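Spelled out, the chains give:
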Amino acid sequence: MFYLPDRDEMQEIDRRTIKERGIPGILLMERAAISILEEINARKDTVLPARVKCLIVVEGGNNGGDGLALARLLAQQGDQVEVCYISGLSKVSDSFAYQLDIVRNLGIQVTDEISQKEYDIIVDGIFGVGLKRDVAGIWKNVIEQMNNMPGYKIAVDLPSGVDATTGQVLGTSFRADLTVTFGLNKRGLVLHPGCDMAGQVVVREIGFSDREVQDIAPEAYGYDLSDLARLPKRSDNSNKGTYGRAAVIAGSADMSGAAVFAAEAAYRTGTGLVKVYTHSLNRTVIGNRIPEAVLMTYSDEVEALKCAEDAVSWADVILVGPGLGRSGEAEELLRYVICEAEQPLVLDADALNIISQDLELLKKHRGEVTVTPHLGEMSRLTDIAIPDIKKNILRVCKDFAMEYNVIDVLKDSRTCVSRGGDIYINTSGNNGMSTAGAGDVLAGVITGLIATGSSPYEAAKLGVYIHGLAGDLAAERMGKNGMIARDIVESIPMVIKGVENEKL
Ligand SMILES: NC(=O)C1=CN([C@@H]2O[C@H](COP(=O)(O)OP(=O)(O)OC[C@H]3O[C@@H](n4cnc5c(N)ncnc54)[C@H](OP(=O)(O)O)[C@@H]3O)[C@@H](O)[C@H]2O)[C@@H](O)CC1
Ligand SMILES: [K+]
């Protein structure tokens, strides 16, 4: 698990490290500069020449101080360095002033405008986490000039113009090939469009105090491979009942694919028994495609209700929605399950579309409920336009979770999960997963994890992470263009098998 602090949290970690632990800011700055120097040196003779010609553009905050310390280190190892100091601020930081004196004493060239020369590297030390408002005027002009220049672009801590909290571009932004960020990754560097501006992001330790990080415990975080150890353990002394019973209420007349994907994903995640409740027209197709699943079908509202009663009395977890349609039967099933079930529910796709017509229904559940809307479904549920959700995705996700007392899995290129407190931001997966059926697979994985013993909140986060990893494996095998939902399902066992091999 890794934290993803926002601007205020990062500045507070910075402040407490300096004020309460007594580590001077100038020491942190030196390590920040050394870490960028090491990243540059590691790229020499591959993407960069052995001796580089480097332009470092700075403003008078501590981000600029990092840039000046880097200028000194590069010059001292024999590289050719020029500094452009924009000097548009009325006040500079003490550490910046200190570094500027040294740079001048060493005779490094400092100008106040960018020359039209060519450089191997262009370093952006204009704004970091201190950026608070839109970039305009002279700063905008300089950033645009830098973007138009040839050369390898490196951002110090964050590309100037990227909001560390939301990942939004404030006015304009430096477009980096590499961002060397300090201590912890930042929310704005994983959310879109910030992550597109940042290029490759390398997180380097520079001496922030761990204790301060733990005390502040940033609200947002992501998972890495070590978090797969959170998967429920299997025991030698077990049978299929040990790994849960998952009900999948999915598919409508002649719409069988979604039910197959969700059921298979639940099985592939380790569930002991999956029972599919679907329209009778799907019986043959689903029976052929996934013979491991038990089937119960309906063709009218009376039979639909019987299916719902059976699911509520039989299952440990119930998924409702993939390909379900919005028929009277579908609505009947959904209402019964929400009002009567005490076990965890996962509501996806058409279940959410039905609920968006009657949001009060969502407040009637007694057990834990996980909802998995994509942006369009979230927009229907909240009446917030999609572009506005995108701009503030974490807040929208968290607020909805809080208002309806649900676990909210808000699906986008960076899916986030919240139950009203902390926020998980997913960093696995790729754009090949924008393919029909991928959402059904995710709903099945989350349901399967609950069935096998994860708590619903853990299942939502881990499910999103594993689904993304399976998508990454599918892309490796089939390519992002050609991969389809089936490839994602088939990759799930490989992701989980990797953990078993590592004996985590
Ligand atoms: N603390 C430390 O010792 C360490 C810090 N570290 C480094 O410092 C960075 C943070 O430094 P920082 O806090 O000084 O902020 P920074 O990003 O340089 O900018 C602040 C200046 O920009 C101004 N400003 C803001 N928005 C603006 C706009 N749109 N247009 C124009 N001006 C704007 C703002 O003005 P103000 O809003 O105050 O009026 C202020 O003057 C961090 O990212 C990391 O690189 C590391 O070395 C570790 C040690
Ligand atoms: K920067």
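Model, not experiment: these values are computed from the prediction. (Residues numbered from 1 in each chain as written. Chains lettered and ligands numbered in written order. Predicted model: local features only at pLDDT ≥ 70, side-chain atom pairs only at ≥ 80, totals over all residues. Heavy atoms only, no water.)

(A) Focus on the coordination of the potassium ion (ligand 2). Taken together, Asn63 (OD1), Asp124 (O), Asp124 (OD), Phe127 (O), Val156 (O) and Leu158 (O) make up the full set of protein donors to the potassium ion (ligand 2), lying 2.5 to 3.2 Å away. Each of the six donor atoms around the potassium ion (ligand 2) contributes to a set of angles spanning 70 to 149 degrees, which defines the coordination as irregular. When the donor residues of the potassium ion (ligand 2) are listed from N- to C-terminus, their spacing reads N-x60-D-x2-F-x28-V-x1-L. Of this pair, Asn63 sits in helix α3 (residues 62–76) while Val156 sits in strand β6 (residues 152–156), and the two are 93 residues apart along the sequence. With relative accessibility at 0%, the residue Val156 sits in the buried group. (Donors = N, O, S within 2.8 Å, 3.2 Å for Na, K, Ca; no water. Tetrahedral: all angles 85-135°; square planar, octahedral: opposite > 155°, others 65-115°. Helix = DSSP H or I, 4+ residues; strand = E, 2+ residues; numbered from the N terminus. Buried < 20%, exposed > 50% of the residue type's maximum accessible area, 1.4 Å probe, protein only.)

(B) Representation of helix α4 (residues 94–105). Helix length check: α4, at twelve residues, gives a terminal C-alpha distance of 17 Å against a target of 16 Å (1.5 Å per residue), a fit within 8%. Every buried residue belonging to α4 is among Ser95, Phe96, Gln99, Leu100 and Val103, and all of these are buried. For α4, the angular spread of the buried residues around the axis is 135 degrees, confining them to a single face. Away from its buried face by more than 90 degrees, α4 exposes Asp94 and Asn105. Contacts from the buried residues of α4 go to α2 (25–42), β2 (53–58), α3, β3 (80–85) and β4 (109–111). The first or second residue beyond α4 is Gly107, which carries a positive phi of 80 degrees. (Expected span 1.5 Å × (residues − 1). Arc of directions from axis to C-beta. Contact = heavy atoms within 4.5 Å.)

(C) Spatial organisation of the sheet that holds β2. A sheet is described by the order of its strands in space; here seven strands give the open sequence β4-β3-β2-β5-β6-β7-β8, paired in parallel fashion. Two strands close off the open sheet at either side, each with one partner strand: β4 and β8 (200–204). Averaged over neighbouring strand pairs, the angle between their axes works out to 20 degrees when direction is ignored. In terms of strand pairing, β3 meets β4 through three bridges, oriented parallel. Opposite Cys84, over in β4, you have Thr111 as the bridge partner. Here helix α5 (residues 137–148) sits on the sheet in contact with β2, β5 (121–125) and β6, set at roughly 155 degrees to β5. (Pairing = 2+ DSSP bridges. Axes fitted to C-alpha atoms, helices over the stretch in contact; angles between N-to-C directions.)

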